[in-house]
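Analysis of the macromolecular model
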Amino acid sequence: MAAAAALGVAELVAAATGTRSAPLVAVGGVVVDHVPAPVKDFGIAVFGTHDKTALLIGTALLLAGYAYGVGVLGRRRWALAVGGIALFGAVGAGAALTRAGAGPSAVLPALTGAAVAVLVLHHLLRLARAAEPAPARQTTAGGAGPAVHGQTTARGVEPAVVGTAGPVSGQPSPAAGDGPDHDGAGARGAGPGVAVGDTRTPYEKEGSRRRFVRDLGIVGLIAVAGGVSGRLLTSRRAVSAARRSIALPEPVEPAAMLPAGVQAPGAVPYLTPNRDFYRIDTALVTPQVDPATWELRIHGMVRNPITVTFADLLRRPLVERYLTIACVSNDVGGDLIGNALWLGTPIKALLDEADPLPEADQVVQRSVDGWTCGTPTAVLRDGRDALLAVGMNGEALPVEHGFPVRMIVPGLYGYVSACKWITEIELTRFTDFDAYWVPRGWSAQAPVKTQSRIDSPRDGASRSAGPVTVAGVAWATHRGIAKVEVQVDDGEWRPATLAGAASADTWRQWSLTWDASAGRHTLRVRATDLDGVTQTPEEAPPAPDGATGWHQVTVEIG
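Here the structure is a predicted model, which is why all the values come from computation and not from measurement. (Residues numbered from 1 in each chain as written. Predicted model: local features only at pLDDT ≥ 70, side-chain atom pairs only at ≥ 80, totals over all residues. Heavy atoms only, no water.)

**A look at the overall build of the protein**
This is how it is decided: To qualify as a helix, a DSSP run of H or I must reach at least 4 residues; to qualify as a strand, a run of E must reach at least 2; elements of each kind are numbered from the N terminus. Any residue under 20% of the maximum accessible area for its type is buried, any over 50% is exposed, and the rest in between are partly exposed; the area is computed with a 1.4 Å probe on protein chains only. In this description, contact between two residues means that some pair of their heavy atoms is separated by no more than 4.5 Å. For every accessible area listed, the method is Shrake-Rupley and the probe measures 1.4 Å; residues are considered covered only by the protein chains on display.
A tally of regular secondary structure across the protein gives eleven helices and 19 strands. Out of the 558 residues in the protein, the part that is buried amounts to 50%. Residue pairs in contact within the protein that sit at least 24 positions apart in sequence constitute 74% of those at least 6 positions apart. Element-wise, carbon and sulfur atoms account for 58% of the exposed surface of the protein, whose accessible area totals about 25,600 Å².

**What about the packing of helix H2 (residues 23-34) against helix H4 (residues 51-76)?**
Selection criterion: A fitted line through C-alpha atoms represents every axis, and for helices the fit uses only the stretch in contact; the resulting angles, taken between N-to-C directions, go from 0 to 180 degrees. Note on angle classes: values under 35 degrees are labelled roughly parallel, values over 145 roughly antiparallel, values of 65 to 115 roughly perpendicular, and the remainder oblique. What makes a crossing left-handed is the near helix being turned counterclockwise from the far one by less than a right angle; a clockwise turn instead makes it right-handed. In this classification, the charged set is Asp, Glu, Lys and Arg, the nonpolar set is Ala, Val, Leu, Ile, Met, Phe, Trp, Tyr, Cys and Pro, and all remaining amino acids, among them Gly, are polar.
It is the contact of H2 with H4, at a shortest axis distance of 10 Å, that shows an interaxial angle of 115°. Between H2 and H4, the angle falls in the class roughly perpendicular. Once H2 is placed against H4, the crossing between them reads as right-handed. The segment H2 lies against H4, with Leu24, Val27, Gly28, Val31 and Val32 engaging Leu55, Leu56, Thr59 and Ala60. For the contact of H2 with H4, the class distribution of residues is seven nonpolar, two polar and no charged.

**With respect to a nonpolar patch on the surface**
To keep it simple, the criterion reads: Patch membership requires over 30% relative accessible area and the absence of a salt bridge. Like charges are linked within 9 Å, and nonpolar side chains (Val, Leu, Ile, Met, Phe, Trp, Tyr) within 5 Å. When a carboxyl oxygen of Asp or Glu is within 4 Å of a side-chain nitrogen of Lys or Arg, the pair counts as a salt bridge.
On the surface, Phe42, Val46 and Phe47 cluster together into a nonpolar patch covering about 310 Å² of accessible area. Summarising the element assignment, Phe47 is placed in helix H3 (residues 37-47).

**A closer look at the environment of His401**
Take His401: it is sitting in the loop between strand S8 (395-396) and strand S9 (406-408). As for His401 and Asp281, which are separated by 120 residues in sequence, their C-alpha atoms are 9.5 Å apart. With sequence-adjacent residues up to four places away left out, His401 is seen in contact with Asn274, Phe277, Tyr278, Arg279, Met392, Arg406 and Lys420.

**Describing unusual backbone geometry**
Ser456 connects to Pro457 through a cis peptide bond whose omega is 0°. Examined against the element boundaries, Pro457 turns out to sit in the loop between strand S11 (451-456) and strand S12 (462-463). Between Ala543 and Pro544 the backbone carries a cis peptide bond, its omega angle lying at 5°. Structurally, the position occupied by Pro544 is in the loop between strand S18 (519-529) and strand S19 (551-557). A positive phi is found at Asn393, a non-glycine position, where the angle reads about 55°. The class of Asn393 is partly exposed, set by a relative accessible area of 24%.

**Concerning the packing of aromatic side chains**
Threshold: Ring pairs are drawn from Phe, Tyr and Trp, using the six-membered ring of Trp, whenever the two centres fall within 6.5 Å, and their geometry is named by plane angle: stacked under 30 degrees, edge-to-face over 60, tilted for the rest. Here, a charge over a ring means that NZ of Lys or CZ of Arg falls within 6 Å of the ring centre while also lying within 35 degrees of the ring normal.
Tallied over the full model, the rule gives eight aromatic pairs. With centroids separated by 6.5 Å and ring planes inclined at 45°, the aromatic side chains of Trp371 and Tyr436 adopt a geometry described as tilted. With a gap of 65 residues between them, Trp371 in the loop between strand S5 (362-367) and strand S6 (372-376) and Tyr436 in the loop between strand S10 (422-428) and S11 connect regions that are remote in the sequence. Just as Trp371 is buried, Tyr436 falls in that class too. A centroid spacing of 6.2 Å and a plane angle of 75° characterise the contact between Trp437 and Trp442, whose relative ring orientation is edge-to-face. Judged by its relative accessible area of 7%, Trp442 is buried. A cation over a ring is seen here: Arg440 above Tyr436, with NZ or CZ 3.8 Å from the ring centre.

**Some thoughts on the sheet that holds S11**
Neighbouring strands of a sheet are bound in pairs by backbone hydrogen bonds; such pairs are parallel or else antiparallel. Defined as follows: Strands qualify as paired when DSSP identifies two bridges or more between them.
Spatially, four strands are ordered S11-S13-S17-S16 in an open sheet, and the strand pairing comes out antiparallel. One side of each edge strand has no neighbouring strand; the edge strands of this open sheet are S11 and strand S16 (497-498). Both strand S13 (residues 466-475) and strand S17 (residues 508-516) contribute to a ladder of nine bridges, which runs antiparallel. Counted as the bridge partner of Val473 is Gln509 from S17.

**A look at the packing of H4 against helix H6 (residues 108-131)**
At a minimum axis distance of 11 Å, the contact between H4 and H6 shows a crossing angle of 60°. With respect to H6, the axis of H4 lies oblique. Between H4 and H6 lies a crossing of right-handed hand. In this structure, H4 contributes Val70, Gly74 and Arg75 to the contact, and H6 contributes Leu121, Leu125 and Arg129. A class-by-class count of the residues in the contact of H4 with H6 yields three nonpolar, one polar and two charged.

**Brief notes about the pairing of S18**
Most of S18 sits inside the fold, with nine of its eleven residues counted as buried. Direction of pairing for strand S14 (residues 481-488) relative to S18: antiparallel, over a ladder of seven bridges. Paired with Val484 across the bridge in S18 is Ala527.

**Remarks on the environment of Tyr436**
You can call Tyr436 buried: its relative accessible area is 9%. For the pair Tyr436 and Gly374, spaced 62 residues apart in sequence, the C-alpha separation works out to 8.6 Å.

**Some points on the sheet that holds strand S1 (residues 295-300)**
Spatial ordering of the open sheet is given by S2-S1-S10-S5-S6, a layout of five strands whose pairing is mixed. With one partner strand each, in any of the chains shown, strand S2 (306-309) and S6 form the two edges of the open sheet. Direction aside, neighbouring strands of the sheet carry axes that sit 20° apart on average. The sheet contact formed by S1 and S10 spans four bridges and is parallel. Residue Gly300 lies in a different strand from S10, and its bridge partner there is Leu427. The sheet strands contacting helix H10 (residues 347-354) are S1, S2, S5 and S10, and the helix crosses S2 at an angle near 145°.

**With respect to the pairing of S5**
Counted residue by residue, S5 has six buried out of six residues, so it is predominantly covered. Residues Gln362, Val364 and Arg366 of S5 are buried on one face, and the alternating residues Val363, Gln365 and Ser367, pointing to the opposite face, are buried as well. Bridge count for S5 against S6 is five bridges, and the pairing is antiparallel. Counterpart to Gln362 in the pairing with S6 is Pro376. What sits between the antiparallel neighbours S5 and S6 is a turn of four residues, in which Gly370 has the positive phi angle 95°.

In structure tokens:
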């Protein structure tokens, strides 16, 4: 409970000081930065988009175990408890200092939390000792016990018995020989010595227990209130209100009207709603970036370094584009992919103004939390619709998707192109800098592979015999889809009907009517892009540059 109070108060201090350094999050961030790639890949595979939640819960459980151990030590020797709490504060403060943009104030949440833990633990231990029975002491066999309350009898002191309503101050002790004592031992002390020492009345002991329970509840309320309030203050620090107040300018190039029939029957929506759009990033707590203070600095190997504010960005020519983006962690048939209408300014124009040097072959993007990704400079200047996006599906970017500004680059996996909460672009070389995921075993350059997925029927579904609609999506962003084929069991490949698409930079939906017969059947799908490349049947995991293989489902036809 003392540790919980420390974390709750630390959250409030972090919110009050404007730091992103609450101990639990700071330590979790260090874990994210240094955990081995196989462990991180396992977390994404098992927990998917909930991997960060799982990490925070795991960190909290480890802290709870540590706190329990500190509490046990504190009951035996107070100095050991203080040392354990000091270590907790030092680890939290050290972790906070490693976060991007951390200043001296970053240590305040952890140090304040540690001080609170010392005070609360000391107070609760004092109450706990007052509420528990005093430890029994032994008299010598057959001997008289020590004096209690200074009361004497003819043969010495009659001891009070722990846990009973025995003699209390101001009441005469019974004379020896009046019968057995409360433990059933003779007055003459035959057998083992008797317990002595706890002279409180039952009322006094019950009052101590009540005070302990009461203060324990107060500490719990402080922990919950501090944690919740700090989190709410952090997540709503003027950013949500600022986002709601933004009126996005009309684009100078609106998106073309979608062709008829882009939605295939049985497939997911052609446009992914913002609330359903996948989110994969390393931010344990969603960064809160005030657009009023946001700046983008373009520097490095350029002839003309520039800095752009959010107001500057909104004054630039904005374009609308339907673009599909995918995560490299997406397994065959996975859902870490989405299609949206994006509003932004072409990054090519900004790079042209900065005028990169010829040898600058990498554009490194940095997020406000320090995360980095590297994109080939040539890709950002080859004419594709690579955007600094400010809008998503007709509204300002959602905070969790990069508000106020993020990068969108069609044709590349997100980890090498789609920096959220972007604040910096540095022109450099691939030989000089490795972005976040590259040292962890992922490829430095990762074009999206040709892929397809069956959305209906789902794996394990049951259908009645007769016509069954098989449908899904296929994508080869920036190349486009030429055809999709479906195979039933090990039969011939049958061409599916392709729905329309906004451009080669979006996924394409497809459908096929299958005359299903009774029994268990396996359905497979494969796509061919406009370059004539058909996706390979060879199965490979996402690492290091994207999964491969044919998606398949098994269905029961009755």
